[in-house]
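# Coordinates in review
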Amino acid sequence: SDPAIAPFPALTVSTAAPKIGSPISLTAPSSVKLPATVYCGFASGLGAAFSPYNNGTCMIPTANVTSGQTYVVLTSGPSVDDKSVLAGYVSLSGS
């Protein structure tokens, strides 16, 4: 039989047209218990960038984030490793 792969909890983007260098509003489901320190992780091209997540908002970094396809997650540390991801991946096109 096929292995069961559980997806990460969904992450909702509230910002209509997110842009590099601008704030983005993100919401995780209430079932996700967020630790005291949370980061937004942005995977873009071959790089990743991080910014602090506070009050449902973080800044889209200007370093290591390219225009085009970018993915964002909430993470417990500045890492996009599966063990650190709390919620996401959400695709941001044309950041």
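Residues numbered from 1 in each chain as written. Predicted model: local features only at pLDDT ≥ 70, side-chain atom pairs only at ≥ 80, totals over all residues. Heavy atoms only, no water.

### A closer look at the environment of Gly-77
So the rule is basically this: Going along the chain from the N terminus, every DSSP run of H or I of four or more residues is numbered as a helix, and every run of E of two or more is numbered as a strand. Relative accessibility thresholds used throughout: buried, under 20% of the residue-type maximum; exposed, over 50%; partly exposed, between the two (1.4 Å probe, protein chains only). Only heavy atoms enter the contact rule, under which two residues are in contact if any of them lie within 4.5 Å.
Tracing the chain through its elements places Gly-77 in the loop between strand E6 (70–75) and strand E7 (85–92). Residue Gly-77 is classed as buried on the basis of its relative accessible area of 13%. Taking C-alpha positions, Gly-77 is 11 Å from Ala-36, a pair spaced 41 residues apart along the chain. Setting aside residues no more than four positions away along its own chain, Gly-77 makes contact with Tyr-39 and Phe-50.

### Comments concerning the sheet that holds E6
Note on sheets: strands pair through backbone hydrogen bonds, and any given pair is parallel or antiparallel. Stated formally: Between any two strands, at least two bridges found by DSSP are needed for them to pair. Orientation is described by axes fitted as lines to C-alpha atoms, over the contacting stretch for helices, and by angles from 0 to 180 degrees between their N-to-C directions.
The antiparallel open sheet is built from four strands, whose spatial order is E4-E3-E6-E7. The sheet terminates laterally at strand E4 (47–52) and E7, the two strands that pair on one side only. With direction set aside, neighbouring strand axes in the sheet form an average angle of 20°. Relative to E7, E6 runs antiparallel, the two being bridged by six bridges. Among the inter-strand pairings, Val-72 is bridged to a residue of E7, identified as Val-90.

### Some points on the sheet that holds strand E1 (residues 12–13)
Strand order in the open sheet formed by three strands is E1-E2-E5, and the pairing between neighbours is antiparallel. Strand pairing shows two members of the sheet lacking a second neighbour, E1 and strand E5 (57–59), which therefore form its edges. When E1 meets strand E2 (residues 23–27), the two strands line up antiparallel, connected through two bridges. Paired with Thr-12 across the bridge in E2 is Thr-27.

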